[in-house]
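Below, each chain spelled out in residue letters.
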Amino acid sequence: MEVTRVLTDPTGMRQWSTGVARQGRTIGFVPTMGALHDGHLALVEAAGSHADAVVVSVFVNQLQFDQRVDFDAYPRPIDEDVDHCRHAGVEAVYAPTAAAMYPPGFDTRVVPGTLADRLEGAARPGHFDGVATVVTKLFAAVRPDVAVFGEKDYQQLALVRRLAADLDLGVQIVSVPTVRDADGLALSSRNRLLDGPQRLAARCVPRALAAVTRAIRQGVDSPRAALDHGFAVVAAEPAARLDYLELVDAATFGPARELRPGSVRLVTAVRVGEIRLIDNVDPFDPPPLIEQIDV
Ligand code: AMP
């Protein structure tokens, strides 16, 4: 099996990438915060089908955390992550230290526009500035031709597309549908932090999405009336607390005024204990695992 290089600072990463480019090979890049699961591995596979060499970054970016406890609790099984990458044929893992990314005196932010104002941006002040800043830095070190992001973080995906276009970064952005557990819960590194009862309670997230999509399929045509079906599901789960459940315009993330196929996204964030879970679907074309849920 190929050796997977592990690079820990921007200079080493850039040198490696320059070498690959000199060989006339393209680079596909998957940025992650580690604790890799099958969702991340689906992104790796997509990167491999769009480019010659795949680079995965593993960096828990403190700039995008609005809560210190969430940052501290975030799982960091780096040896396991490198093993997963090796098995998946990843050529380089970029795992920079915090000191290499944000040395003393670091004082620059990439600030996204209006796409970052609502939903996750409103719930987590500064979050998307942190995302846009780290993605820009990672792109500068890795110099990818293609970068792959998950639909799981739908607003982030839209924002990164905007960032790459607006700043002429020359990186093609590819997206991958959300990978789910058998009960419909979206895979997430934070799922590792759920205990047994919390993992069961977390089922209310895909169930709420299923309830709203079902209501729409059955002809409910007002966003508010459709959402009520999802609110009821989360309200019935004592261990869960709803942050938001909204039908939004898929391009602007403003509230959807009417329910029209192709232009609407159903998005949610739910807290189970201290763990915040996010998810989203196209309510007019939900994934089979959501459609199958009995609500
Ligand atoms: P994270 O490590 O959670 O920051 O995620 C890194 C990348 O993996 C992001 O582009 C996410 O959208 C993507 N991702 C996370 N979970 C999933 C999933 N269940 N299915 C597909 N992509 C995912």
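Let me begin by describing the structure that accompanies this report. Computed from a predicted structure; not experimentally measured.

**Examining the pairing of strand 8 (residues 264-272)**
Part 1 of the reasoning: When you tally the buried positions in strand 8, you get 8 out of 9 residues, the bulk of the element.
Part 2 of the reasoning: Here strand 7 (residues 240-249) pairs with strand 8 via 9 bridges, running antiparallel. Within strand 8, the residue paired with valine 248 across the bridge is arginine 265.
Part 3 of the reasoning: Bridging between strand 8 and strand 9 (residues 275-281) involves 7 bridges; their strand directions are antiparallel.

**Examining the site of the ligand**
Part 1 of the reasoning: Of all residues adjacent to the ligand, which total 17 residues, the nearest are His40, Gly150, Asp153, Val179 and Leu187.
Part 2 of the reasoning: Computed on the free molecule, the ligand has an accessible area of 480 Å², of which 93% lies beneath the protein chains in the complex.
Part 3 of the reasoning: Residue assignment for the shell around the ligand shows that the elements contributing at least two residues are strand 2 (27-32), helix 2 (38-50) and strand 5 (146-150).
Part 4 of the reasoning: With 3 residues, the top contributor of residues to the shell around the ligand is helix 2.
Part 5 of the reasoning: Residues of the shell around the ligand, tallied by class, amount to 8 nonpolar, 7 polar and 2 charged.

**A word on the layout of surface pockets**
Part 1 of the reasoning: As a volume, the second largest pocket reaches approximately 240 Å³.
Part 2 of the reasoning: Val58, Phe59, Val60, Arg76 and Pro96 are the residues nearest the centre of the second largest pocket, which is lined by 15 residues in total.
Part 3 of the reasoning: Of the residues that constitute the lining of the second largest pocket, the class distribution is 11 nonpolar, 2 polar and 2 charged.

**Some details on the environment of aspartate 228**
Part 1 of the reasoning: Within the element layout of this structure, aspartate 228 appears in helix 11 (residues 223-235).
Part 2 of the reasoning: Under the relative-accessibility criterion, aspartate 228 is labelled partly exposed at 35%.
Part 3 of the reasoning: Taking the C-alpha atoms as reference, aspartate 228 lies 34 Å from proline 75; in sequence the two are 153 residues apart.

**Concerning the packing of helix 7 (residues 127-142) against helix 8 (residues 154-166)**
Part 1 of the reasoning: Contact geometry for helix 7 and helix 8: axes closest at 11 Å, N-to-C directions at 50°. One element, helix 7, and the other, helix 8, form an angle in the oblique class. Of the two elements, helix 7 crosses helix 8, and the hand of that crossing is right-handed. Contacts from Phe128, Val131, Ala132, Val135 and Thr136 in helix 7 reach Gln155, Gln156, Leu159, Val160 and Leu163 in helix 8.
Part 2 of the reasoning: Of the residues belonging to the contact of helix 7 with helix 8, the class tally is 7 nonpolar, 3 polar and no charged.

Reading guide: rules and limits
- Once a new chain begins, its residue numbering starts again from 1 and follows that chain's sequence as written.
- Only residues with pLDDT of 70 or above have their local features reported here, since the model is predicted, and side-chain atom pairs are shown and tallied only from 80 upward, although totals for entire chains, interfaces and linings are computed over all residues.
- As a rule here, side-chain values come from all non-hydrogen atoms in the structure, and water together with hydrogens is ignored.
- The buried label applies to any residue whose accessible area, calculated with a 1.4 Å probe on protein chains only, is under 20% of its type's maximum; exposed applies above 50%, and partly exposed to all values in between.
- Runs of E in the DSSP output that reach at least two residues are strands. Runs of H or I that reach at least four are helices, and both are numbered from the N terminus.
- Criterion used throughout: strands pair if DSSP finds at least two bridges between them.
- In these notes, residues near a molecule or strand are those with any non-hydrogen atom within 4 Å of it.
- Using a 1.4 Å probe, accessible areas were evaluated by the Shrake-Rupley method; residue-level cover was limited to the displayed protein chains.
- Under the scheme applied, nonpolar residues are Ala, Val, Leu, Ile, Met, Phe, Trp, Tyr, Cys and Pro; charged residues are Asp, Glu, Lys and Arg; polar residues are all the others, including Gly.
- The definitions used throughout rest on a 1 Å grid laid over the protein atoms alone, on which a cavity is an enclosed set of points accommodating a 1.4 Å probe that cannot get out and a pocket is an open set flanked by protein within 12 Å on both sides along at least five of seven lines; lining residues are those having an atom within 4 Å of a point.
- Grid points are joined across faces, edges and corners, and a volume is the space filled by probe spheres set on the points.
- Where helices are involved, their axes are fitted lines through C-alpha atoms of the stretch in contact, as for all axes, and angles between N-to-C directions lie from 0 to 180°.
- Reported orientations rely on four angle classes, namely roughly parallel under 35 degrees, roughly antiparallel over 145, roughly perpendicular from 65 to 115, and oblique for the rest.
- Handedness of each helix crossing follows the sense of rotation of the near helix against the far helix: counterclockwise by less than a right angle gives left-handed, clockwise gives right-handed.
- Any pair of residues with heavy atoms lying within 4.5 Å of one another is described as a contacting pair.

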